[in-house]
Amino acid sequence: MEQQPLVFLAIVLALSSYAHGLKIFDISSYGVGADKDITAALDKAWKEAIASPEPAKITIGSGEWILKQAHLEGPSKSPLELEVKGTIKALSDPTQLPNKEWEWVTVNYVNYFTLSGGGVFDGMGEQAWKTNDCHVNTKCAKLPINLSFNFINNSIIQDITTKDSKNFHSNCISSNNVTFLRYKVSAPHDSPNTDGLHIARNIGITILDAVIQTGDDCISMGDQMTDVMIKNVKCGPGHGISIGSMGKNIEEKDVSRITIQNCTFDNTANGVRIKTWPSAPATLTISDLNFLDLTMINASNPVIIDQQYCPWNLCSLDKPSSIQISKVKIQNVKGTSSTQDVVIFSCSTSKPCQDVQIGDIDLKFTGDPALGGATTKCQNVKYTFTGGAQNPPLCQRSSAPKPFPM
């Protein structure tokens, strides 16, 4: 039996050791009306639970509930669990959000926190998607993230579904030792800017046994990330799993020790991807990356390092990216690609990619046979072939890169 993350074990032990004193806060006992609006009840239950000297559990039962917004702040005095068994629905009109600067559900400054129960957070995003022009309008109205976790430590999000968020489904920022276990995301392939999970400025993030179906990146990573394990994730539809984009902010910090293993990409716009902006001020490093045992099912662009990332021509290509990418291991990537270029290394001319190890690649092009078989593109990369299959042959031609999907 595969060992679960240590953080999961720590939380279980912390709760079980106090099982005799676990204090239950049932949301239905807080005067929820016929409209099933739990906004006030959850706020009151949370404040009582975090003040409890005993381990506490807030329970939201089966059925459908309405939640206008929740801003749940710690610290808590003891381990705390929020168990959601039903479906919690947001207001469909984003202009009705009580505080438009906040996300829909926010959890801040807690330790040994668990979100569980098998329930659904339904962001009711369809109305907001129709007017979302943030990809071309830098002054667009802010839309709320379904679940936002900030400054949380030694915590676990398990058996929870986030559905149809108006913006990103979840983010986890400035946190340590957090596990997402059996986390699910459900949104249409054309829902804009609905990243399944965005993580940044964290140490020790584990994502296990997740199923992510959305309209943007399944998982996206920002700067200052260390010790990330992404394993047994099913991605698709979506834009793949991305490190970046990086480079626009001069204060961005290094990224290291990222592993993406045993993941499946089903009809995604990309597979695994690193993206950095050209003509940008940041000079961080991205290193110690492992892309292992990946399966592509008609995925576009299965493996990409793109250091000329410039969506919608929002940047200049005059200067190369100043970000150094190094120590990248790509091993055992197999399956099918809907694009002919199945491995693309479009690295910086000023800082070529260093120490890229690649082996056991078997990717077949499923497009027009008249175009020929699968191909690769390599620019400014120092790589070593480590053995195993080499289908297609690596780095046998170089040409100007085509624009890639966001």
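What counts, and where the lines are drawn
Residues numbered from 1 in each chain as written. Predicted model: local features only at pLDDT ≥ 70, side-chain atom pairs only at ≥ 80, totals over all residues. Heavy atoms only, no water. Helix = DSSP H or I, 4+ residues; strand = E, 2+ residues; numbered from the N terminus. Rg over C-alpha atoms; globule rule 2.2 N^0.38 Å. Buried < 20%, exposed > 50% of the residue type's maximum accessible area, 1.4 Å probe, protein only. Patch = residues over 30% accessible without salt bridge, like charges linked within 9 Å, V, L, I, M, F, W, Y side chains within 5 Å. Areas by Shrake-Rupley, 256 points an atom, 1.4 Å probe, with all protein chains shown as cover. Salt bridge = Lys/Arg side-chain N within 4 Å of Asp/Glu carboxyl O. Disulfide = S-S within 2.5 Å. Polar contact = N/O pair within 3.5 Å; in protein donor to acceptor, adjacent residues only side chain to side chain. Contact = heavy atoms within 4.5 Å. Phe/Tyr/Trp six-rings, centres within 6.5 Å; stacked < 30°, edge-to-face > 60°. Lys NZ or Arg CZ within 6 Å of the ring centre and 35° of its normal.

Enquirer: Summarise the overall build of the protein chain; cite the residues concerned and give the values.
Expert: Helix and strand counts for the protein chain come out as three helices and 33 strands. What you see for the protein chain is a C-alpha radius of gyration of 22 Å, in line with the 22 Å of a compact globule of 406 residues. For the protein chain, the spread of C-alpha atoms along the three principal axes comes to 70 × 45 × 40 Å. Residues counted as buried form 54% of the 406 residues belonging to the protein chain.

Enquirer: Outline a nonpolar patch on the surface, listing residues and values.
Expert: Taken together, V136, W312 and L314 make up a surface patch of nonpolar side chains, about 320 Å² in accessible area. Among the secondary structure elements, L314 is positioned in the loop between strand 27 (303-306) and strand 28 (324-337).

Enquirer: Would you mind going over the state of the cysteines in detail, with residue names and values included?
Expert: The bond known as a disulfide is covalent and runs between the sulfur atoms of two cysteines. One pass over the full model with this rule turns up four disulfides. One disulfide in the model links C134 with C140; its S-S distance is 2.1 Å. Here the disulfide of C134 and C140 is right-handed, its torsion about the S-S bond being about 110°. Look at C140 and you get partly exposed, because its relative accessible area is 22%. Paired by a disulfide, C218 and C235 hold their sulfur atoms 2.1 Å apart. Between C218 and C235, the disulfide has an S-S torsion of 85° and is therefore right-handed. Remark: C235 occurs in strand 21 (residues 234-235) and C218 occurs in the loop between strand 18 (211-213) and strand 19 (219-221); sequence separation between them is 17 residues. Each member of the pair C218 and C235 is classed as buried.

Enquirer: Please provide a residue-by-residue account of the side chain of T276, values included.
Expert: Within the secondary structure layout, T276 lies in strand 25 (residues 272-276). Reaching out from T276, the side chain makes a polar contact with the side chain of Q307 at a distance of 3.2 Å. When neighbours within four sequence positions are excluded, T276 is seen to be in contact with M246, I286, D306, Q307, Q308, Y309, S321, I323 and I325.

Enquirer: Go over the packing of aromatic side chains with me, naming the residues and quoting the values.
Expert: Under the definition given, this model contains six aromatic pairs. Judged by centre distance (5.5 Å) and plane angle (75°), the rings of F180 and Y183 are edge-to-face. Y183 matches F180 in its accessibility class, with the two residues each being buried. Centre to centre, the rings of W277 and Y309 are 5.3 Å apart; their planes meet at 80°, and the pair counts as edge-to-face. In this pair, W277 sits in the loop between strand 25 and strand 26 (285-299) while Y309 sits in the loop between strand 27 and strand 28, placing the two residues 32 residues apart along the sequence. Both residues of the pair, W277 and Y309, belong to the buried class. The structure contains a cluster of three or more aromatic residues connected by ring pairs, namely F149, F180 and Y183. The cationic tip of K36 hangs over the ring face of W65; the distance from NZ or CZ to the ring centre is 4.7 Å.

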